[in-house]
Amino acid sequence: NIGKWYRDPAHKPDSNAAAWTYAIWLQGTNPTRAALSIPKIFGDNMVLQRGVPVPVWGQCIPGSEVAVQFGRQLKKGKADAEGKWKVMLDPLSASTSPATMLVATPSDTVRFRNIFVGEVWLCSGQSNMEYSMRKNSKFEKAAHGSSPEDELNKANNPDIRIFLVGHNYSKPGN
């Protein structure tokens, strides 16, 4: 409580007002606030699902035009009053030829490289689904003489992509 720092209780500041003033001062004119922001689920080496419309979304300066280019498609949209935007790519055909996605506003550009189009499989479950093969390997090796880590080290298929989804990855800035 900011008020505890003042000797005269009649003149102590409102702690909420002080906290907001400090937060606004810290935020200032931070250039990253205006920058193009895209959720971490988008990135280099990603796989886009074939055969269905593909949403691409993020945040930028409110009212800005946004262009998304992938393959032969160029889709445009506009950020709303909160800076949120979303465009839909038309359904894509499967391809193992790496492609690039370009997302651009008048003030910023983001490029994602080495993108494939194919099957995207989602696995979900309880918290034990976050238990990785590498964590399990020491127990398996002790019990059976080999482990999933041995298989991971021998695996060599660059066309398979694994993405561990963290919490809130669909929100820009996460």
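Quantities reported herein were computed from a predicted structural model and do not represent experimental measurements.

## Some details on the overall build of the protein
Logical step 1: When you go through the protein residue by residue, the secondary structure sums to 4 helices and 7 strands.
Logical step 2: Listing each helix as α and each strand as β along the protein from the N terminus yields α-α-β-β-β-β-β-β-β-α-α.
Logical step 3: The burial tally for the protein puts 20% of its 174 residues in the buried class.
Logical step 4: Contacts spanning at least 24 positions in sequence make up 53% of the contacts within the protein whose residues lie at least 6 apart.
Logical step 5: A total of about 12900 Å² of accessible surface is found on the protein, and carbon and sulfur atoms cover 54% of it.

## Section: the environment of Val52
Logical step 1: With respect to the helices and strands, Val52 occurs in the loop between strand 1 (47–49) and strand 2 (54–59).
Logical step 2: Sequence separation between Val52 and Leu92 is 40 residues, and the spatial gap between their C-alpha atoms is 6.8 Å.

## Looking at the sheet that holds strand 4 (residues 73–78)
Logical step 1: Here we have 5 strands laid out as an open sheet, ordered 1-7-6-3-4, and mixed in their pairing. If you trace the sheet from one side to the other, it starts and ends with strand 1 and strand 4, each paired once. Ignoring which end each strand starts from, the neighbouring axes of this sheet average 30° apart.
Logical step 2: Pairing of strand 3 (residues 65–70) with strand 4 involves 6 bridges; the strand directions are antiparallel. Within strand 4, the residue paired with Gln69 across the bridge is Leu74.

## Observations regarding the packing of aromatic side chains
Logical step 1: What the rule picks out here adds up to 1 aromatic pair.
Logical step 2: When the ring of Phe42 is compared with that of Trp57, the centres are 4.9 Å apart and the planes differ by 75°; the resulting orientation is edge-to-face. Of the two residues, Phe42 is situated in the loop between helix 2 (31–34) and strand 1 and Trp57 in strand 2; the sequence distance between them amounts to 15 residues.

## Some thoughts on the environment of Lys76
Logical step 1: Position of Lys76 relative to the elements: it lies in strand 4.
Logical step 2: Accessibility expressed as a relative area gives 63% for Lys76, which makes it exposed.
Logical step 3: Apart from residues no more than four positions distant in its own chain, Lys76 is found in contact with Val66, Ala67 and Val87.

## Section: the nonpolar core
Logical step 1: The biggest cluster of nonpolar side chains holds 21 residues, and the ones touching the most others in it are Leu48, Val56, Val68, Trp85, Met101 and Val103.
Logical step 2: Contributing elements (two or more residues each) for this core: strand 2, strand 3, strand 5 (84–89), strand 6 (95–105) and strand 7 (108–118).
Logical step 3: Discounting chain neighbours no more than four positions away, the residues touching Leu48 are Val54, Phe70, Leu92, Met101, Ile115, Phe116, Val117, Gly118 and Val120.

## Points about the pattern of salt bridges
Logical step 1: Going through the model one piece at a time under the given rule, you end up with 3 salt bridges.
Logical step 2: Across the salt bridge formed by Lys75 and Asp90, the nearest N and O atoms sit 3.1 Å from each other. Of this pair, Lys75 sits in strand 4 while Asp90 sits in the loop between strand 5 and strand 6, and the two are 15 residues apart along the sequence.
Logical step 3: With a shortest N-O distance of 3.4 Å, Glu82 and Lys84 are connected by a salt bridge.
Logical step 4: For Lys84, a relative accessible area of 44% gives the class partly exposed.

## Comments concerning the pairing of strand 2
Logical step 1: Residues of strand 2 alternate between two faces, with Val54, Val56 and Gly58 buried on one and Pro55, Trp57 and Gln59 left unburied on the opposite face.
Logical step 2: In this structure, strand 2 lies alongside strand 5, joined through 6 bridges in antiparallel fashion. Bridge assignment links Trp57 to a residue of strand 5, and that residue is Lys86.

## Description of the side chain of Ser64
Logical step 1: Position of Ser64 among the secondary structure elements: in the loop between strand 2 and strand 3.
Logical step 2: For Ser64, the residues in contact, after removing those within four places along its chain, are Gly77, Lys78, Ala79 and Pro106.

## Remarks on the side chain of Gln73
Logical step 1: Position of Gln73 relative to the elements: it lies in strand 4.
Logical step 2: Classification of Gln73 as buried rests on a relative accessible area of 14%.
Logical step 3: Excluding its chain neighbours within four sequence positions, the residues that come into contact with Gln73 are Val68, Leu89, Asp90, Pro91 and Leu92.

What counts, and where the lines are drawn
- Sequence positions are assigned chain by chain, starting from 1 and proceeding in written order.
- Only residues with pLDDT of at least 70 are given local features in this predicted model, and only at 80 or more are side-chain atom pairs given and counted; all residues enter the totals for whole chains, interfaces and linings.
- Each side-chain value is worked out from all heavy atoms of the structure, with water and hydrogens disregarded.
- Starting at the N terminus, helices and strands are each numbered in turn, a helix being any DSSP run of H or I of at least four residues and a strand any DSSP run of E of at least two.
- Partly exposed describes any residue whose relative accessible area lies between the buried limit of under 20% and the exposed limit of over 50%, with all areas from a 1.4 Å probe on protein chains only and scaled to the type maximum.
- Any two residues having at least one pair of non-hydrogen atoms within 4.5 Å are treated as being in contact.
- Calculation of accessible area relied on Shrake-Rupley with a 1.4 Å probe; when residues are assessed, cover is drawn exclusively from the protein chains displayed.
- Should DSSP find at least two bridges between two strands, the strands are taken to pair.
- Geometry is summarised by axes, namely lines fitted to C-alpha atoms with helices restricted to the contacting stretch, and by angles between N-to-C directions that run from 0 to 180 degrees.
- Pairing of aromatic rings covers Phe, Tyr and Trp, the last counted by its six-membered ring, and requires centre-to-centre distances within 6.5 Å; plane angles under 30 degrees mean stacked, over 60 mean edge-to-face, and any other angle means tilted.
- Only buried residues count toward a nonpolar core, which is a set of Ala, Val, Leu, Ile, Met, Phe, Trp, Tyr and Cys residues joined through side-chain atoms within 4.5 Å.
- Any Lys or Arg side-chain nitrogen found within 4 Å of a carboxyl oxygen on Asp or Glu counts as a salt bridge.

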